[in-house]
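Here's the letter readout for the chains.
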Amino acid sequence: MEHDDSKGALKEYVPSSGLAVSIDDPVQNPGLPPHRERLTDVDPKAAKRAERTIYTLFYISVAASIWAVAAYMLFPIEDQELTSIRQNNLFIGLGIAFALLAIGIGAIHWSKTLMSDKEHVEERHTTRGSEETREAVVEAFRTANEESGFGRRKMIRNSLFAAVIASVLPGITLFRGLAPHDGENSPVDLLKQTMWKEGEHLTRDPSGTRIKASDVTLGSAFHVIPESLAKMGHDEGMLNEKAKAMVLMVRMSPEQLTEREERKDWSYDGIVAYSKVCTHVGCPVALYEQQTHHLLCPCHQSQFDVSDEAKVVFGPASRPLPQLPITVDAEGYLIAQSDFHEPVGPSFWEIR
Amino acid sequence: MAREKLKRRARGRRSPFAAAILIGVGLLATGGIYAGASAAVAATDDATTITTQASAEEGETLFQANCATCHGMDLEGREGFGPSLNGVGELAVHFQMSTGRMPMQMHGPQADQKPVQFTDEQIESIATYVQSVAPGPEMPSTRVIDGEGDVSHGAELFRINCAMCHNVAAAGGALTQGKFAPDIMDTTPENIYAAMVTGPQNMPVFNNMNLTEDDKRDIISALLYQQEAQAPGGFTLGSLGPVSEGLFIWIFGIGGLIAVAVWITAKSN
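Now for a look at the structure at hand. These numbers were taken from a predicted model, which means no experiment stands behind them.

All right, on to the overall build of chain A then. Assigned secondary structure in chain A consists of nine helices and ten strands. For a compact globule of 352 residues, the expected C-alpha radius of gyration is about 20 Å, and chain A comes in at 38 Å, more than 25% above that figure. C-alpha extents for chain A along the principal axes are approximately 95 × 75 × 55 Å. Looking at the 352 residues of chain A, the share that counts as buried comes to 32%. Partitioning the contacts of chain A with sequence separation of at least 6, the portion at a separation of at least 24 is 58%. Element-wise, carbon and sulfur atoms account for 60% of the exposed surface of chain A, whose accessible area totals about 23,100 Å².

Bringing the overall build of chain B into the picture now. Secondary structure assignment for chain B yields eleven helices and two strands. The buried share of chain B, taken over its 269 residues, is 34%. Residue pairs in contact within chain B that sit at least 24 positions apart in sequence constitute 60% of those at least 6 positions apart. Carbon and sulfur atoms make up 62% of the accessible area of chain B, which amounts to about 16,400 Å² in all.

It is worth spelling out the interface of chain B and chain A at this point. Contact residues are listed per partner, giving 32 residues for chain B and 35 residues for chain A. Here chain B and chain A share an interface that buries about 3,000 Å² over both sides, 54% of which is from carbon and sulfur atoms. Summed over the shared surface of chain B and chain A, the result is two salt bridges. We note a salt bridge from Lys267(B) to Glu119(A), for which the minimum N-O separation is 3.5 Å.

Our next topic: the nonpolar core. All names here are of chain B. In this structure, Phe-158, Met-196, Ile-219, Ile-220 and Leu-223 are the most contacted members of the largest nonpolar core, which totals 22 residues. Broken down by secondary-structure element, the contributors of at least two residues to this core are α5 (89–98), α7 (151–161), α9 (189–198) and α10 (213–228). Per-element accounting of this core gives the leading share, six residues, to α9. Filtering out sequence-adjacent residues up to four positions away, Met-196 remains in contact with Met-203, Val-205, Phe-206, Asn-207, Leu-211, Lys-216, Ile-219 and Ile-220.

With that out of the way, let us pick up the pattern of salt bridges. All names here are of chain A. As enumerated under the stated definition, the model contains 20 salt bridges over all chains in all. Glu-309 is paired through a salt bridge with Arg-263; the nearest N and O atoms lie 3.9 Å apart. Here Arg-263 lies in the loop between β3 (247–251) and β4 (271–275) and Glu-309 lies in the loop between β7 (303–305) and β8 (311–314), a separation of 46 residues in the sequence. Here Glu-309 matches Arg-263 in class, with each residue buried. A single salt-bridge network, built from bridges that share partners, covers Arg-260, Glu-262, Arg-263 and Glu-309.

Applying the stated criterion across every chain yields a total of eight aromatic pairs over all chains. With a centroid separation of 6.1 Å and an interplanar angle of 90 degrees, the aromatic rings of Trp67(A) and Phe91(A) are classed as edge-to-face. Note that Trp67(A) is positioned in helix α2 (residues 44–74) and Phe91(A) in helix α3 (residues 82–113), a separation of 24 residues in sequence. According to the relative accessible area criterion, Phe91(A) is partly exposed, its value standing at 23%. Their ring planes at 50 degrees and their centres at 5.4 Å tell us that Phe63(B) and Tyr129(B) sit as a pair that is tilted. Of this pair, Phe63(B) sits in helix α3 (residues 56–66) while Tyr129(B) sits in helix α6 (residues 120–133); the two residues are 66 residues apart in sequence, bridging distant segments of the chain. You'll find Phe63(B) and Tyr129(B) in the same group, each marked buried. Between the NZ or CZ atom of Arg78(B) and the centre of the ring of Phe81(B), over which it lies, the distance is 4.0 Å.

Glancing now at the sheet that holds strand β2 (residues 221–226) of chain A. All names here are of chain A. Spatial ordering of the open sheet is given by β1-β2-β3-β4, a layout of four strands whose pairing is antiparallel. The sheet terminates laterally at β1 (202–204) and β4, the two strands that pair on one side only. Mean inter-strand twist for the sheet, computed between neighbouring axes without regard to direction, equals 40 degrees. In terms of strand pairing, β2 meets β3 through four bridges, oriented antiparallel. By the bridge assignment, Ala-221 is partnered in β3 with Val-250.

With that settled, the discussion passes to the state of the cysteines. Residue and element names in this part refer to chain A. Scanning the model with the defined rule gives one disulfide over all chains in all. Paired through a disulfide, Cys-283 and Cys-299 show a sulfur-sulfur distance of 2.1 Å. Judged by the torsion about the S-S bond (-100 degrees), the Cys-283/Cys-299 disulfide is left-handed. One end of the pair, Cys-283, is in the loop between β4 and β5 (287–288); the other, Cys-299, is in the loop between β6 (294–296) and β7, and 16 residues separate them in sequence.

Note on strand geometry: in a regular strand, side chains alternate between the two faces of the sheet. All names here are of chain A. With five of five residues buried, β4 is to be regarded as a mostly interior element. Of the two faces of β4, both are covered, the one formed by Ile-271, Ala-273 and Ser-275 as well as the one formed by Val-272 and Tyr-274. Bridging between β3 and β4 involves five bridges; their strand directions are antiparallel. Its bridge partner lying in β4, Arg-251 is registered against Ile-271.

Residue and element names in this part refer to chain B. For the pair α7 and α10, interaxial distance at closest approach is 7 Å and the crossing angle is 95 degrees. One element, α7, and the other, α10, form an angle in the roughly perpendicular class. Of α10, the residues touching α7 (which contributes Val-151, His-153, Gly-154, Ala-155, Leu-157 and Phe-158) are Asp-215, Asp-218, Ile-219, Ser-221, Ala-222, Leu-223 and Tyr-225. The class makeup of the residues in the contact of α7 with α10 is eight nonpolar, three polar and two charged.

In this section: unusual backbone geometry. Omega for the bond connecting Asp205(A) with Pro206(A) falls within 30 degrees of zero, at 5 degrees, which places this linkage in the cis form. When you line up the elements, Pro206(A) lands in the loop between β1 and β2. Residue Pro103(B) is reached from Met102(B) by a cis peptide bond, and omega for that bond is -5 degrees. Relative to the helices and strands, Pro103(B) resides in the loop between α5 and α6. Unusually for a residue other than glycine, His293(A) sits at a positive phi of about 60 degrees. Residue position: His293(A) is located in the loop between β5 and β6. Unlike most non-glycine residues, Gln177(B) shows phi in positive territory, near 50 degrees.

Next up on the list: the environment of Ile225(A). All names here are of chain A. Position of Ile-225 relative to the elements: it lies in strand β2. The exposure class assigned to Ile-225 is buried, which follows from its relative accessible area of 4%. Considered as a pair, Ile-225 and Lys-244 are 19 residues apart in the sequence and their alpha carbons are 9.9 Å apart. With near-sequence residues (within four places) excluded, Ile-225 lies in contact with Trp-196, His-201, Leu-202, Thr-203, Arg-204, Asp-205, Ala-230 and Lys-242.

Cut-offs used in this document
- Here the residue index of a chain counts from 1 through its sequence in written order.
- For naming, the first written chain is A and the first written ligand is 1, with later ones following in the order written.
- Totals for whole chains, interfaces and linings use all residues, but because this is a predicted model, local features are given only for residues with pLDDT of at least 70 and pairs of side-chain atoms are given and counted only at 80 or more.
- For the side-chain quantities, the full set of heavy atoms in the structure was used; hydrogens and water were omitted.
- Think of it this way: any DSSP run of H or I at least four residues long counts as a helix, any run of E at least two long counts as a strand, and we number them from the N terminus.
- C-alpha atoms define the radius of gyration in this analysis, and the globule rule sets the expected value at 2.2 Å times the number of residues to the power 0.38.
- For every residue, the accessible area (1.4 Å probe, protein chains only) is compared with the maximum for its type, and the residue is labelled buried under 20%, exposed over 50%, or partly exposed between those bounds.
- Two residues qualify as a contact provided that any one of their heavy atoms is within 4.5 Å of a heavy atom in the partner residue.
- To measure how exposed things are, a 1.4 Å probe is used in the Shrake-Rupley method; for residues, cover is taken only from the protein chains shown.
- Buried area: the sum, over both parts, of the accessible surface (1.4 Å probe) that disappears when the two are put together.
- By definition here, a salt bridge exists when the distance from a side-chain nitrogen of Lys or Arg to a carboxyl oxygen of Asp or Glu is within 4 Å.
- What is meant by a nonpolar core is a set of buried Ala, Val, Leu, Ile, Met, Phe, Trp, Tyr and Cys residues, joined one to another through side-chain atoms within 4.5 Å.
- Stacked, edge-to-face and tilted are the three classes for Phe, Tyr and Trp ring pairs, Trp counted by its six-membered ring, which pair at centre distances within 6.5 Å; planes under 30 degrees apart are stacked, over 60 edge-to-face, the rest tilted.
- Think of it as a cone above the ring: NZ of Lys or CZ of Arg counts as a charge over the ring if it is within 6 Å of the ring centre and within 35 degrees of the ring normal.
- For two strands to be treated as a pair, DSSP must find at least two bridges joining them.
- Interaxial angles span 0 to 180 degrees and are taken between N-to-C directions of axes, which are lines fitted to C-alpha atoms, for helices over the stretch in contact.
- Cysteine sulfur atoms that pair up within 2.5 Å are treated as a disulfide.
- If an angle is under 35 degrees, it is roughly parallel; if it is over 145, roughly antiparallel; if it lies from 65 to 115, roughly perpendicular; otherwise it is oblique.
- Each residue gets one label: Ala, Val, Leu, Ile, Met, Phe, Trp, Tyr, Cys and Pro are nonpolar, Asp, Glu, Lys and Arg are charged, and the others, such as Gly, are polar.

Rendered as structure tokens:
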């Protein structure tokens, strides 16, 4: 194979075979297998039978559709009973299912048994357009450019470019609020604060009744919300606040607790309160085992040891659950000393 | 020739099914003897059933014979075997024994339910005895377990306090290291109440200061309602959610699609 660089661009590229032994057309086209007649092709009785099967299926479909309409009236949901809902669903569903299924099965059976099954070969056309088509397309673009003046009237073209680019700007403004930023309502601040504050009473979810320390007997588990949350309405963002402020409170004997010196006064006589939002992806983690003091998250099986500052003992969570520092007021009701000392819930860009 | 014939006959005598038949006969004989023996044992069991009035004395005898090995002669418990029963009360005894959890079969992640080992009178006797030695929570009043409470309030409390472990349809769920929250689909109202008050095994305690007697009545009513309610959606597949439903759709749904695809592409004969 000789190379001729002067005509290289025009010449069709032929790869060098190198040392390989080339074989012409290594796979022979085996062609079509001999056509095999079906039973319905040779036996008119079988064809008749297939025909009967097909139209029976289509009539079954008609009957099933009518049945679905009838079932809607025969099994109404009027008495508010679960049984009637179940029957309504079941019988209408069966009708529609058989109506559609019978059409499908009938159509396929028809094509398999009675429609022509002669094999045909349809050659693929080449992907490349013919020379005339290609030239026509180039010509069309050239004419369009000429007639519209897109290349000539530069002022119009450039102003169009400006308009298209400017149309993206409102989107940037809209989504800017989601990006990290400082100031009021910054997402970082929103995620760092919950409703808990000094003196906020711990109350039962959902009634919002205050809890005395003496109510929390050994081995008890209380699902707790801040007192002011219980008074909020759904239209005041109650669920958003609850999602951050919900707390699980348990009691064990004080000697079972392992506490750092600086956190010793965060618990009250063996009562500890921890955020119920998993630090992995924020599921409510509340499967508390009273003997092992382990808290299991049902979503991804993270386990926290409540007796040891809710440290992660298993699973994908990377931080311990934040602890709510608690104490009691003059009447013996449990109150919060402050908000959580760290953001609750999953890690985000400010905290890992 | 003659030798060959002999060989063939010898081989013919030992039918290829001989081994299978021998094993079958052996299994049948063993099974038959076992069935007979266990029937005999069952018959003697029946004979020993004595109906007696529940009494603390009777309970003490039963306790010392059946429970004291692990829980101590005076309910003080034994390190590594069983906890002290001081203050657990008759309610805990009723719960543990009437569900077959106690006497415990063996140490494991948790004591499982199994066929009840004692008659109602015997359980009541032991409960009376335990209550007389060291009092604890008592059996609920009939009003608490009558099932006439506010079902929707009870269901809300169930979702907040119980559903995370016991599943929102009360079908139970897995905990850590082989432990699990059992289903509450056929638990009696007494035992639902007892579980909340006494906090058996790893279940936390929900005392009457946390969930009042009225709250408990509502929860029990909601569970009783659910136990009898018919599922409007047809097959519940154990109410276990995506695990059983996913398994079903993977095996039968995708299996069905494959079968249909095979039928559609198969040539008609």
